[in-house]
Amino acid sequence: MAVLMRDVRDGPARRPAARRATRRTARLAHEVRHGRLERSLSLLTAAGSAITAAEIFLEHDRAGFGNRVMWWPVALGPVGVAAGVAGYADERAAHTALPLASAAIVANGLQGTYLHIRGIAGKPGGWRMARYNIELGPPLFAPLLMCMVGGIGLLASVLRRER
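Residues numbered from 1 in each chain as written. Predicted model: local features only at pLDDT ≥ 70, side-chain atom pairs only at ≥ 80, totals over all residues. Heavy atoms only, no water.

A. Layout of the overall build of the chain. Looking only at helices and strands, the chain has 8 helices and 0 strands in total. Helices (α) and strands (β) of the chain occur, in sequence order from the N terminus, as α-α-α-α-α-α-α-α. In terms of overall size, the chain is more extended than a compact globule, its C-alpha atoms giving a radius of gyration of 23 Å where 163 residues would be expected to give roughly 15 Å. On the principal axes, the C-alpha backbone points of the chain span a range of 80 × 40 × 25 Å. For the chain, the proportion of its 163 residues judged to be buried stands at 33%. In the chain, once contacts between residues fewer than 6 apart in sequence are set aside, the share between residues at least 24 apart is 72%. Working note: accessible area of the chain is about 10500 Å², and carbon and sulfur atoms make up 66% of it. (Helix = DSSP H or I, 4+ residues; strand = E, 2+ residues; numbered from the N terminus. Rg over C-alpha atoms; globule rule 2.2 N^0.38 Å. Buried < 20%, exposed > 50% of the residue type's maximum accessible area, 1.4 Å probe, protein only. Contact = heavy atoms within 4.5 Å. Areas by Shrake-Rupley, 256 points an atom, 1.4 Å probe, with all protein chains shown as cover.)

Shown next, in the form of structure tokens:
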């Protein structure tokens with residue numbers, strides 16, 4: 001009876017799947033320990049660029065794109081997606097296109113942080129009413145999210161490729 005119960009719980013179909021999952025987890029841990037994250041971070045850069053560009057478009061559209069510079073982060077979104085996907089697919093692109101696109105994204109994020117700080121300062125009361133103006137003015141930390149996405153792409157370009 002005990003043998004029969006063991007066979008039902010750990011049937012032949014479940015054992016290989018559990019072993020495969022264990023092997024995948026061990027391989028992923030090995031890749032992380034040895035700094036082999038280039039492909040994964042390239043895809044993360046692509047996904048982050050797409051999501052960030054969509055969010056920026058919605059927020060800047062709400063503001064009526066009052067300044068032409070507001071279009072730059074929206075335009076850099078597809079560039080980041082293309083570079084991230086290319087970095088995932090091709091090792092050469094991960095060391096050429098991805099760092100260029102990521103550096104442009106980081107630079108634009110820093111520029112956006114400066115412009116948002118300036119926008120908060122230009123609101124009535126400026127920094128004397130910081131709490132009010134930060135809440136209702138341009139989001140202070142949103143451009144830094146774009147810097148983070150670009151930073152992930154730069155990190156991906158210096159790490160080794162997964163096997």
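B. The arrangement of the pattern of salt bridges in detail. Under the definition given, this model contains 3 salt bridges. R62 is the salt-bridge partner of E59, the closest N and O atoms lying 3.1 Å from each other. One end of the pair, E59, and the other, R62, are both in helix α3 (residues 38-62), 3 residues apart, so they sit about a helical turn from each other. For R62, a relative accessible area of 69% gives the class exposed. Between R131 and E135 there is a salt bridge, and its shortest N-O distance comes to 3.4 Å. Residue R131 and its partner E135 are located together in helix α7 (residues 130-136), separated by 4 residues, close to a single helical turn. Accessibility assignment for this pair places R131 and E135 in one class, exposed. (Salt bridge = Lys/Arg side-chain N within 4 Å of Asp/Glu carboxyl O.)

C. A look at a nonpolar patch on the surface. Taken together, F57, L58, W71 and W72 make up a surface patch of nonpolar side chains, about 440 Å² in accessible area. Elements supplying a minimum of two residues to the nonpolar patch: α3 and α4 (71-89). Since its relative accessible area comes to 33%, F57 is described here as partly exposed. (Patch = residues over 30% accessible without salt bridge, like charges linked within 9 Å, V, L, I, M, F, W, Y side chains within 5 Å.)

D. Inspection of the environment of A107 at higher detail. Mapped onto the elements of the fold, A107 is located in helix α6 (residues 97-122). Among the residues examined, A107 registers a relative accessible area of 44% and is labelled partly exposed. The sequence separation of A107 and M146 amounts to 39 residues, and the corresponding C-alpha distance is 9.3 Å.

E. Structural view of the packing of α3 against α6. Between α3 and α6, the shortest axis-to-axis distance is 13 Å and the interhelical angle comes to 30 degrees. Read as a crossing pair, α3 and α6 show a hand that is left-handed. In this structure, α3 uses S42, T45, S49 and H60 to contact α6, whose residues at the interface are L98, S102, I105 and H116. (Axes fitted to C-alpha atoms, helices over the stretch in contact; angles between N-to-C directions. Left-handed = near helix turned anticlockwise from the far one by under 90°.)

F. Structural detail: α3. Its 25 residues place the ends of α3 36 Å apart at the C-alpha level, agreeing with the 36 Å of an ideal helix rising 1.5 Å per residue. Along α3, the residues that are buried comprise E38, L41, S42, T45, A46, G48, S49, T52, A53, I56 and H60. Lining the buried residues of α3 we find α4, α5 (91-95), α6 and α8 (142-158). Where α3 terminates, the next one or two residues include G64, which has phi positive at roughly 75 degrees. (Expected span 1.5 Å × (residues − 1).)

Limitation: the analysis is restricted to geometry and does not speak to function.
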